[in-house]
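Chain residues, written in single-letter form:
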Amino acid sequence: MTTSRGPALLILTSAFLSAAANGISMVAFPWLVLQRTGNATDASVVAAAATLPLLFATLVAGTAVDFLGRRRVAILADLMSATSVAAIPILAATQGVGALNTLVLAGLAAAGAFFDPGGMTARQSMLPEAAGRVGWTLDKTNSVYEAVFNLAYITGPGIGGLLIATIGGINTMWVTAGAFGCSILTMALLRLPGAGRPDRTEHPEGVLSGVIEGLKFVWHNKVLRTLGLIDLAVTALYLPMESVLFPKYFTDRNEPAQLGWVLMALSIGGLIGALSWTVLSKFASRRGTVVTAVLTFGGASVVISLLPPLPLILALSAVVGLVYGPIGPIYNSVMQTRAPAHLRGRVVGVMTSMAYAAGPVGFMLAGPLVDSFGLRVAFLGLALPIVAIGLLCPWIPALRELDRTPPAP
């Protein structure tokens, strides 16, 4: 087979556009809520509504990808996400701004979030075939994919903050819908073996049986199970910082652009870290990289809990992104080398759902913590458990398997 960069470029472009749209939404949704109520608990409700569906959606998304086909699911996911964000300016124009109360925004955030995992799972599942076409290793392909993903979260939140400051939060959602639309067009052009409808003999019998099969595979693979549980705990503690605590801090200061800068700093560090894995993967330990990332994240979060000056927050955010940048490529490579092709979508879906499983609990704790004890206590309450997880990681036997060549799936 002749090499071609076309499929890889189309997947990367689609991933960038879709992630950038979500990056804009990440800033716009909490801003719309806090602008109307100023209540961190309300922002937590909307953030939780955007996260709770991820647990179920990622499980179903993996089965949908293996049943309907990867490209088709990617297109449908972006179409539904575009519809959910476009509903905000449409409602404001037809029903008035008052119609956009916390319940409505929570419902639309949940609707958009429900379909996002399908697109992400579908694109990740196509990476091994795209790597074969372009002649790249899996480590390099996953590093570039994660770098593009982080690049999207550099531009997305930054653009979101600037758009809110210039045209307002409601009109910003038109830009978000447009980015999803461009991602759909990009996926429609993709032609790649394995991207279409799968062989009927490899279909899951149904949604429930497909989900169970994916869960069983992950649970019985000790490396995947351990990585999933670590990701579950860390993500549950991190998401409230990104979606509630930082927005609350900068809303109180009336600084939407600065919120975008913090998220951009995280993504800039993540971009550099992900790209660095193309070189580091040749000599660095995967286990050591994971342990370093979690410990550094916990320590940086403790310092951020003191609410230091903005330059220090930006620097710490960049460092966190830098050390966490290689984690995505590592996780992707582990999933792709340990799961057979016909189960790949379900394995990716299960692993992703584990990352979001405890997110709503974190959100429900974060909002009342802020309203009752203030931002510093809330930040610290989320940071200290991350430090504890990092201290525990060196003693987990399954992580030693990360640096051993697995048997062929």
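Scroll up a little and you will see the structure.
Below: a short report on this structure. (Residues numbered from 1 in each chain as written. Predicted model: local features only at pLDDT ≥ 70, side-chain atom pairs only at ≥ 80, totals over all residues. Heavy atoms only, no water.)

1. So, the environment of alanine 233
Along the chain, alanine 233 turns up in helix α9 (residues 222–252). Residues alanine 233 and methionine 354, 121 residues apart in the sequence, show an inter-C-alpha distance of 8.9 Å. (Helix = DSSP H or I, 4+ residues; strand = E, 2+ residues; numbered from the N terminus.)

2. Here we look at the environment of alanine 106
Topologically, alanine 106 is positioned in helix α4 (residues 102–125). The exposure class of alanine 106 is buried, given its relative accessible area of 8%. Placed 56 residues apart in sequence, alanine 106 and alanine 50 show a C-alpha to C-alpha distance of 7.0 Å. When near neighbours in sequence (up to four residues on either side) are disregarded, alanine 106 contacts Val45, Val46 and Ala49. (Buried < 20%, exposed > 50% of the residue type's maximum accessible area, 1.4 Å probe, protein only. Contact = heavy atoms within 4.5 Å.)

3. Looking at the nonpolar core
Core analysis: the biggest nonpolar cluster contains 91 residues, and Phe29, Ile88 and Leu245 have the highest contact counts within it. With 13 residues, α9 is the largest single contributor of residues to this core. Within the second largest apolar cluster, 18 residues are counted, among which are Leu12, Met126, Val148 and Leu192. (Core = buried A, V, L, I, M, F, W, Y, C linked by side-chain atoms within 4.5 Å.)

4. With respect to the packing of aromatic side chains
All chains considered together, the criterion is met by seven aromatic pairs. With 5.4 Å between their ring centres and 85 degrees between their planes, phenylalanine 114 and phenylalanine 115 make a pair best called edge-to-face. Overall, phenylalanine 115 belongs to the partly exposed group, its relative accessible area being 27%. Plain terms: the ring middles of phenylalanine 246 and phenylalanine 250 are 6.4 Å apart, the flat faces sit at 25 degrees to each other, and that makes the pair stacked. (Phe/Tyr/Trp six-rings, centres within 6.5 Å; stacked < 30°, edge-to-face > 60°.)

5. Comments concerning the packing of helix α1 (residues 6–37) against helix α7 (residues 169–188)
Contact geometry for α1 and α7: axes closest at 8 Å, N-to-C directions at 165 degrees. Between α1 and α7, the angle is such that the two are roughly antiparallel. In the crossing of α1 with α7, the sense of the turn from one axis to the other is left-handed. When grouped by side-chain class, the residues that make up the contact of α1 with α7 number 15 nonpolar, ten polar and one charged. (Axes fitted to C-alpha atoms, helices over the stretch in contact; angles between N-to-C directions. Parallel < 35°, antiparallel > 145°, perpendicular 65-115°, else oblique. Left-handed = near helix turned anticlockwise from the far one by under 90°. Nonpolar A, V, L, I, M, F, W, Y, C, P; charged D, E, K, R; others polar.)

Any functional reading would require information that these geometric values do not contain.
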